[in-house]
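Summary of the model geometry
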Amino acid sequence: EMTPIEIELHEDDIYRVHFLNYDHWNYFTVEDGAGPCILSFKQEVSSGTREHFRILVRGYCHIAHGLLQPTAISANRYERDEVVRAVGKEMGFTNPFVLVSHYRAKRELLKLDNCFFKHQYKVGVVFLKEYQRCEEDIFGNQQEDSPRFEEFLRLLGKRVNLMGFKGFRGGLDAISNQTGVESVHTTWRNNEFMFHVSTLLPYSYEDKQQLQRKRHIGNDIACIVFLDG
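Being a predicted model, the structure only gives us computed values, none of them experimental. (Residues numbered from 1 in each chain as written. Predicted model: local features only at pLDDT ≥ 70, side-chain atom pairs only at ≥ 80, totals over all residues. Heavy atoms only, no water.)

Among the nonpolar cores identified, the biggest contains 15 residues, and Leu39, Phe41, Ile73, Val83, Val87 and Phe97 are the most heavily contacted of them. Of all elements in the fold, only strand 3 (35–46), strand 4 (50–58) and helix 2 (80–90) reach the threshold of two or more residues within this core. If one sorts the elements of this core by residue count, helix 2 sits on top with four residues. The contacts of Phe41, once residues within four sequence positions are left out, are Phe19, His24, Trp25, Phe53, Arg54, Ile55, Arg80, Val83 and Val84. (Core = buried A, V, L, I, M, F, W, Y, C linked by side-chain atoms within 4.5 Å. Buried < 20%, exposed > 50% of the residue type's maximum accessible area, 1.4 Å probe, protein only. Helix = DSSP H or I, 4+ residues; strand = E, 2+ residues; numbered from the N terminus. Contact = heavy atoms within 4.5 Å.)

Right under this line is the structure:
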C-alpha cells in the first residue's frame, strides 16, 4: 500500500531510467538557504489503473526521489502547474517553481546527474613534517619512517600493488610502475577511492618541484595534509 507521500534520498541514476525517454516536465527554483533546486515531474499509472506522480528533486548537495498519490495534495490532478505548486509546498519550498522549456534542458540534466552519481574518487594525501614551510620540501618528502603516518594510511584503506591492479586506479599506472609501486585504495558504500599519497608517488632527483606528484594531487577532488609533529 502506497503511503500518501513517499520521498527518500536516492543514489541511483533515476532521471535516465524513469524520466529521460518519457513525457515529463522540469521545473526550477532558487530556495533561500538551499540554493538552486530542480524538480522533474511525471505522471504514471501502476497496477493497470492506479495513477500517481513520480518526482525527482535535485538540490545543491542532495537528491530526493519518490512517488506521490494525487489524493495526498490539495490540487487538481489534471492541472500540472497546480500539482507542482502543491508538491513544492508539501516538501517545504517557499519559492515557486518555474517551468524549464529550453530544448537542451534534458541533455543538461543528464550531464548533471552524471556528476551527482559519480562513484569513483581521487584523494590526495600529503605528508608534512613539523616546521616544514617550503613547498619543495613538503613534496620532496620520501618514504618516511613514521609509525603514525603508516597507521593513518591503514585507516584510510588498504595498500595495493599497482602492477596489474584491477580496481579504480585514479590515473595511476598499473602496467609499468611509472607512477609508483604501491598506493592506498578503499571502497565505502559503493564508492571507490584511490589515494594519491605523496610519499608513494615517484620521487625525482632532477625535479626539485616534484611536478609529477603535484600533477596527480593537484587534480584530486580533495587533499588531506598529515602533519607529523
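Now that the structure has been shown, the text picks up again.
A complete count under the given rule lists one cavity of 30 Å³ or more for this structure. In terms of residue count, the dominant contributor to the lining of the largest cavity is helix 5 (residues 147–156) (three residues). Class assignment for the residues of the lining of the largest cavity results in three nonpolar, two polar and three charged. (1 Å grid on protein atoms, 1.4 Å probe; cavity = no way out; pocket = protein on both sides within 12 Å on 5 of 7 lines; lining within 4 Å. Points joined across faces, edges and corners; volume = space filled by probe spheres on them. Nonpolar A, V, L, I, M, F, W, Y, C, P; charged D, E, K, R; others polar.)

The next point concerns the sheet that holds strand 11 (residues 222–228). Read across the open sheet, the five strands follow the order 8-9-10-7-11; overall the sheet is mixed. Looking at the sheet topology across the chains shown, the edges are occupied by strand 8 (158–161) and strand 11. Along the sheet, successive strands turn relative to each other by an average axial angle of 35°, direction set aside. Pairing analysis gives seven bridges linking strand 7 (residues 120–129) to strand 11, with the strands arranged parallel. Pairing of Phe127 across the sheet is with Phe226, part of strand 11. In the packing of helix 5 onto the sheet, the strands contacted are strand 7, strand 8, strand 9 (182–188), strand 10 (191–197) and strand 11, and the crossing angle to strand 11 comes to about 150°. Along the sheet face, helix 6 (residues 211–218) touches strand 7, strand 10 and strand 11 and points at about 130° away from the line of strand 7. (Pairing = 2+ DSSP bridges. Axes fitted to C-alpha atoms, helices over the stretch in contact; angles between N-to-C directions.)

Attention now goes to the environment of Leu128. Its location among the elements puts Leu128 in strand 7. The residues touching Leu128, leaving out its near neighbours within four places in the chain, are Ile138, Asn141, Val225, Phe226, Leu227 and Asp228.

The side chains of a regular strand alternate between both faces of the sheet. The element strand 7 is largely enclosed, with a buried count of seven among its ten residues. Where strand 7 and strand 10 come together, six bridges link them in parallel fashion. Opposite Tyr121, over in strand 10, you have Phe193 as the bridge partner.

Turning our attention to a nonpolar patch on the surface. Residues Phe28, Val30 and Val100 make up a contiguous nonpolar surface patch of about 220 Å² in total accessible area. With respect to the helices and strands, the residue Val30 is situated in strand 2 (residues 25–31). (Patch = residues over 30% accessible without salt bridge, like charges linked within 9 Å, V, L, I, M, F, W, Y side chains within 5 Å. Areas by Shrake-Rupley, 256 points an atom, 1.4 Å probe, with all protein chains shown as cover. Salt bridge = Lys/Arg side-chain N within 4 Å of Asp/Glu carboxyl O.)

Attention now goes to the side chain of Asp173. Considering the arrangement of structural elements, one finds Asp173 in the loop between strand 8 and strand 9. Lacking a salt bridge, the buried Asp173 has Arg169 as its closest oppositely charged neighbour, with an N-O distance of 6.6 Å. A polar atom in the side chain of Asp173 sits 2.6 Å from the side chain of Ser176. Apart from the residues within four sequence positions on either side, Asp173 is in contact with Leu162, Gln178 and Thr179. (Lys, Arg positive; Asp, Glu negative; His and termini not counted. Polar contact = N/O pair within 3.5 Å; in protein donor to acceptor, adjacent residues only side chain to side chain.)

These results come straight from atomic positions and should not be treated as a statement about function.
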